[in-house]
Amino acid sequence: MEELPLFRSANPAALIAWRAGRPLAVGRLLQDAAWLARRLPQAKYQINLCEDRYLFLVGLAAALSRGQTLLLPPSRAPADLLNLRQQNPGAYCLVDHPGDFGDVDVVVVEGLPEGPGDKHPKPPSFPSDHPLAELQTSGSTGMGTVHVKQWGTMFRGAELTGARLGLDSLAGASMVATVPPQHMYGLETSILLPLRWGLAVAAEQPFFSADIGAALERLPAPRVLVTTPLHLRTCLVEDARLPDLAFILSATAPLPAELARRAEQRYHSRVMEIYGSTETGAVATRRASIDVDWEPLPGILLRPGDARASFSGGHLPSMVAVGDLIEPQQDGRFRLIGRDADLVKIAGKRADLADLNRKLLEIEGVRDGAFFLPERERASTARLACLVVAPTLENREILAVLRQKVDPAFLPRPLLRVDSLPRTTTGKLPRQALLDLFHNLRRHQQGGSFA
Amino acid sequence: MLETPERVLARLIVETLNLPIEPSSIDPEAPLFHTGLGLDSIDALELTMAISQEYGFQLQAHDGENIRIFASLRSLSAHIEANRTR
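Residues numbered from 1 in each chain as written. Chains lettered and ligands numbered in written order. Predicted model: local features only at pLDDT ≥ 70, side-chain atom pairs only at ≥ 80, totals over all residues.

Side note on the pairing of strand S16 (residues 281–286) of chain A
Successive side chains on a regular strand alternate, one facing one side of the sheet and the next facing the other. All names here are of chain A. Most of S16 sits inside the fold, with six of its six residues counted as buried. With five bridges joining them, strand S15 (residues 270–277) and S16 adopt antiparallel strand pairing. What sits directly across from Ile274, in S16, is Thr285. Sheet topology places S16 next to strand S17 (residues 295–296); two bridges connect them, and they run antiparallel. By the bridge assignment for S17, Thr285 is matched with Glu295. (Buried ≥ 20, exposed ≤ 12 C-beta atoms within 10 Å, placed from the backbone. Helix = DSSP H or I, 4+ residues; strand = E, 2+ residues; numbered from the N terminus. Pairing = 2+ DSSP bridges.)

What follows is the structure in structure tokens.
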């Protein structure tokens, strides 16, 4: 079985991270990982919830050295964490600060010993078929779908993506990411790209645009920013100062061309965009300021499909369907032309309406209800609305339960009460009837409750 | 009658985020995020942009104080009043 190295270079002095202004090298990471590995429980799975990206990496390296797999929940909603633990009893949580995580083994990564890094660590390699991580997406069944990411798949995906982005000339470059490492995009870019291409990634995840600028300023050039359309827009609106950048990377929602152009102009930097999914990882890129169409990564093959497109080849172990409709263009490029109506993206996150509806209908006192996306264009900050039949419940009671079960981005805004939903005799709920009812209510009511 | 800064901010929040509620219904001491008004990080970014445009300064975390600034309408309003340039 092929073994693939964890790091690009065997040199223990090569930088892998920046943390509180201090550079951290591969040797240091290996020492910290070995220290942590000795303290990990015997288990198949590590639920890695570290927000500090360096500690996430330490946890990852420690897990791999113990033959463990990372479990990454779709959100920090308590129900998602509970679900993950119930499906994987014996999994432990790895966190970087103490908290209440329920009835589970928790390892807090703290008290890492100071002292010089291991100057002669054995550069680790791991079997290509070892499952590096399992990520969950919501599904129409109760459990959600588990996506197993083999080390070899993630390794090769990072090779293809990094080559496309020109990382071969950016070894030693610094990276700041505004996305968490627990999501596919953050995992592929802020964790795998530094490992594969020798970039040094900032441990902190800045939020406000002023902090994004500050985090980048603290790091030496060349620098790379990994972010989302909303964060990019925030930087522009607030006229945030960012230092010179090798490039800016965006994903999780389509980046409007105009936004991309303004960002390129303001920050004198290419803005590259990635298209992918939890199922596939990144499979295509484009430069949104000038391209409408996406260029697949080398070796990636497209199959448009009637309802959903599929991708294969490249780093993919098999053909994988996605929730989008695509239209092949010339030169092997493709255009996105729509989404499977039930799979919506809210705030860059995947939501399955059938799954949300099921969770809604499980609530005691809810007789009927439906989530839907009111707007025609799926703007990146559009929110789900919800109509509910629940005469014995108050809106805040329904919302309180939903808050436990779903990612906060999917909480309905607004949640409106109705006597009945406009179902057909066969129980179907035509979208137009739903929208008509919704718009009527909005016109005539003062507004539903939100909180 | 002059509107208090808190009232003005409440209106800004409701309008910016398209919340289907009356601004006066926001309890000034209730949490804005997660519980209470139930806003999330996307809302936070939309709000920072609106605040930047309306009050002329950029929100910034100091030692991870994001949470404190946004704790309630009252705390956010106080922070804005202390920093506004418009």
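After presenting the structure, the write-up continues.
Some details on the interface of chain B and chain A
The interface is formed by 20 residues belonging to chain B together with 22 residues belonging to chain A. At seven residues, the largest contribution of residues to the side of chain B that touches chain A is made by helix H2 (residues 41–55) of chain B. Taken together, the residues that form the side of chain B that touches chain A break down as nine nonpolar, nine polar and two charged. (Contact = placed C-beta atoms within 7 Å. Nonpolar A, V, L, I, M, F, W, Y, C, P; charged D, E, K, R; others polar.)

Examining helix H4 (residues 73–83) of chain B
Residues and elements named next belong to chain B. Residues of H4 that are buried: Leu73, Leu76 and Ile80. Taken down its axis, H4 places every buried residue within 70° of arc, on the same side. Across from the buried face of H4, at angles greater than 90 degrees, the exposed residues are Glu81 and Ala82. (Arc of directions from axis to C-beta.)

Some words on the packing of helix H7 (residues 229–237) of chain A against H2(B)
Running from N to C, H7(A) and H2(B) point in directions that differ by 10°, and their axes come no closer than 9 Å. Considering their axes alone, H7(A) and H2(B) lie roughly parallel with respect to each other. Listed contacts from H2(B) to A:Leu230, A:His231, A:Thr234 and A:Val237 of H7(A) are B:Ile42, B:Leu45, B:Thr48, B:Met49, B:Ser52 and B:Gln53. Taken together, the residues of the contact of H7(A) with H2(B) break down into five nonpolar, five polar and no charged. (Axes fitted to C-alpha atoms, helices over the stretch in contact; angles between N-to-C directions. Parallel < 35°, antiparallel > 145°, perpendicular 65-115°, else oblique.)

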